[in-house]
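Chain by chain, the residues:
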Amino acid sequence: MGRSKREILSSIEELVREYYSQVHGDGLGGTGEIRGGGKDAEIPYAGRVFGHEELNAAVRSSLDFWLTLGEQGEGFEREIASYLGVRFSRLVNSGSSANFLAVGALTSSSLPEGLRLVGGGEIITCAAGFPTTAAPILQHGGTVVFVDVDPVTCNVRLESLQEAYREGKTRGVILAHGMGNPFDIGGVLDFCRERGLVLIEDNCDALGSRYCLGGGGEGDGEMRLTGSWGDLSTQSFYPAHHITMGEGGLVSVRQDVRLMRIVESLRDWGRDCWCATGVSGTCGKRFGWSFDGLPDGYDHKYVYSHLGYNMKPTDWQAAIGRVQLSRLPEFIQARRSNWEYLRSGLDELQEVFEFGLPTHAVERIGDGEYRWDSSGSRSEPSWFGFMLLVRPNSGLDRVELARYLTERGIGNRMFFGGNLMRQPAFSDFAKEHPDRVRVVGDLQGADRLMRDGIFIGVYPGLRRSDLDLMIDTITRYVRGIGGRK
Ligand SMILES: Cc1ncc(COP(=O)(O)O)c(C=O)c1O
C-alpha cells in the first residue's frame, strides 16, 4: 500500500519547513521567525516578511490545483472583512485595481443619478501621493480635483476640501492615509456626510491603523480600523505593504450591498451573476431571469450588466494572504515600535527635520505617548514608513542624503509621485483636457513634500541593529554638514 495523502502532505510540509530554514530563514531556524528583504539595499525600506507557514500554504494550494479564486479566496475575503469591521471585502489583483474598481463602481447605471459619477462629475483627491489613487478618476471619465496636503502629516488639509467642493458637480472624495497616518477622518466624514458625497479610503499604506472619533456621539470614543470608515476602501498586498500575497489588493464595502455587487460585477467580467468561480445557480434561478432585449431564460452566467474586467487574483495568492493576515497583529506592533524607536533615536535632529505626528496629536511627550488636540479624536498609525521632512534653510540637501543612505545600504524612498501635477502623465493629460483636471490652491504643501521628503523603513523585518545603524548613519550625515566626508 502506498502512503496516504495525509502522510505525503505531512512529508512535503516537513521538507518545506527545512527548505525555508535553509533558504529563507536567515539563520533563524525556520521556526516561524521572520525576516524579509528587498534587493536594492542591505537594509531595505520594505519587504516581504514570511515564515514557513506561508510557503506551506502556497504549496498546499498548488497541490490542490484549483488555481482560480476559490475556497482560499472566499476564506480570506471573509476573514479580512471581519477583521476590518466591514460588511464585504472582495479580492482583486492589486491595490491599483482596487482603486480602479472602487472609483469605477461610482459610474454604474444601477446607482441613483445624484450619486453616480458621469461626465463632468468631480472627485476630490490629494495632489501628493501614489498615482493610482488619482488616475482612476480620469480613467472613468471624471474630473480630478487636486487639493493640497500638509507636508508634515502627508495628509489632506481639511480647509482645501471645502474650497474644492462644487455643488452639483462633486460626487466623492478618495484619499489615502499618508504614510499609514490616518487622515482627519472626523473632519472628512463630516464634510462628505453634509454634502451627500461618497468617501473612498485608500487604505493601501495603512492596514492596521486605528482612529476614534471624539464628540460624544454614538460609537464615538471607540477605536476603529482605517478602511472601515469610508463607503468603500482599498488595500494593496504588494510586498512593500503591511501584508503580502505578491501581487494583490482588496476592495471593501462598509455596508451597501448594491456597491458590493457592482464591484464584484466589474471585477468578474461585468457579469450580472454572482456565483463563485466554478459554481452555478447560486441565485436558484439560473435559467429563470428575464432581461430587456435578451431571450427569456438566457443563462444568467452570461448576462452582463457592466462593462467589466477580470481583475481576480489566484487562490494560491489568497492562501498566502490568509497566513499573512494571521500575522498582522505582530506586524502592526513591530511597525509602531520601529517608528517610535527611530523617532526617539533621531530626536536630536529636530532642527534639521520636521517629524510627523499621529493625526490629532500636538506633541510627542514620550515613547508612544502624545498630547492630543481638543477634538477628542485620536489616531494610532500602523506606519508605512518613517518620513524625514528636511527643514527649509537647514543646509541639508535631500537628494544628497538619499544618495548617502543608498551608498551605505539603507533603503529610502521619496513620497511616491510627489506633487502629481508635476508628473508627465497628469500634466500632459491636463494640457490635453484642461476641463478634466482642476487644481485648488497653489499646492505648496505637495511641492514641499516632493522637494524635501524622504522616508526610510519601519517594516517588521528590521532588527534593532538595523534601526541603530539607520539612526547612526543619518545622525553622522547631519552632524557632518559643513565638514562632511
Ligand atoms: C496609497 C497607495 N495606493 C495604491 C497603491 C497601489 O497598490 P499596488 O502596488 O498593489 O497596485 C499604492 C502602492 O504602493 C499606494 O501606496
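About the criteria used
- Residues numbered from 1 in each chain as written.
- Predicted model: local features only at pLDDT ≥ 70, side-chain atom pairs only at ≥ 80, totals over all residues.
- Heavy atoms only, no water.
- Core = buried A, V, L, I, M, F, W, Y, C linked by side-chain atoms within 4.5 Å.
- Buried < 20%, exposed > 50% of the residue type's maximum accessible area, 1.4 Å probe, protein only.
- Helix = DSSP H or I, 4+ residues; strand = E, 2+ residues; numbered from the N terminus.
- Domains from an automatic or database assignment.
- Contact = heavy atoms within 4.5 Å.
- Expected span 1.5 Å × (residues − 1).
- Pairing = 2+ DSSP bridges.

Enquirer: I keep staring at the nonpolar core and nothing clicks. Help me out?
Expert: Nonpolar side chains in soluble globular proteins generally cluster together in the buried interior. Membership of the largest hydrophobic core comes to 72 residues, with the highest contact counts inside it found for Phe-146 and Leu-232. In terms of residue count, helix H4 (residues 95–105) provides more of this core than any other element does, 6 residues in total. Composition of this core by domain shows at least three residues from each of domain 2 (71–276 + 283–315) and domain 3 (327–418 + 442–479). Other than its neighbours up to four places away in sequence, Leu-232 contacts Ala-102, Leu-106, Val-198, Leu-199, Ile-200, Glu-201, Val-251, Ser-252, Val-253, Leu-259 and Val-263. Core analysis: the next-biggest nonpolar cluster, separate from the first, contains 49 residues, Leu-349, Ile-410, Leu-467 and Ile-471 among them.

Enquirer: Whenever I open this one, unusual backbone geometry confuses me. Can you help?
Expert: Generally, phi is negative for residues other than glycine and the peptide bonds are trans, each holding for most cases. One non-glycine residue with positive phi stands out, namely Leu-67, at about 75°. Mapped onto the elements, Leu-67 comes out in the loop between helix H2 (52–64) and helix H3 (71–84). Phi at Asn-393 is positive, roughly 65°, even though this residue is not glycine. Residue placement: Asn-393 occurs in the loop between strand E16 (385–390) and helix H10 (398–407). For Asn-393, a relative accessible area of 84% corresponds to the exposed category.

Enquirer: Sorry if this is basic, but what is going on with H2 here?
Expert: The end-to-end C-alpha distance of H2 is 18 Å, a good match for the 18 Å that 13 residues give at a rise of 1.5 Å each. All of the buried residues along H2 are His-52, Glu-54, Asn-56, Ala-57, Ala-58 and Ser-61. Where H2 is buried, its residues meet helix H1 (5–24) and helix H9 (315–345). Looking one or two residues beyond H2, the residue adopting positive phi is Phe-65, at roughly 60°.

Enquirer: Hey, could you run me through the pairing of strand E11 (residues 249–253) in this one?
Expert: On any regular strand, side chains alternate: one points to one face of the sheet, the next to the other face. Of all the 5 residues making up E11, 5 are buried; the element is thus mostly covered by neighbouring parts of the structure. The side-chain alternation of E11 yields two buried faces, one formed by Gly-249, Val-251 and Val-253 and the other by Leu-250 and Ser-252. In this structure, strand E1 (residues 88–92) lies alongside E11, joined through 5 bridges in antiparallel fashion. Along E11, the bridge assignment pairs Phe-88 with Val-253. In terms of strand pairing, strand E10 (residues 232–236) meets E11 through 5 bridges, oriented antiparallel. What sits directly across from Ser-236, in E11, is Gly-249.

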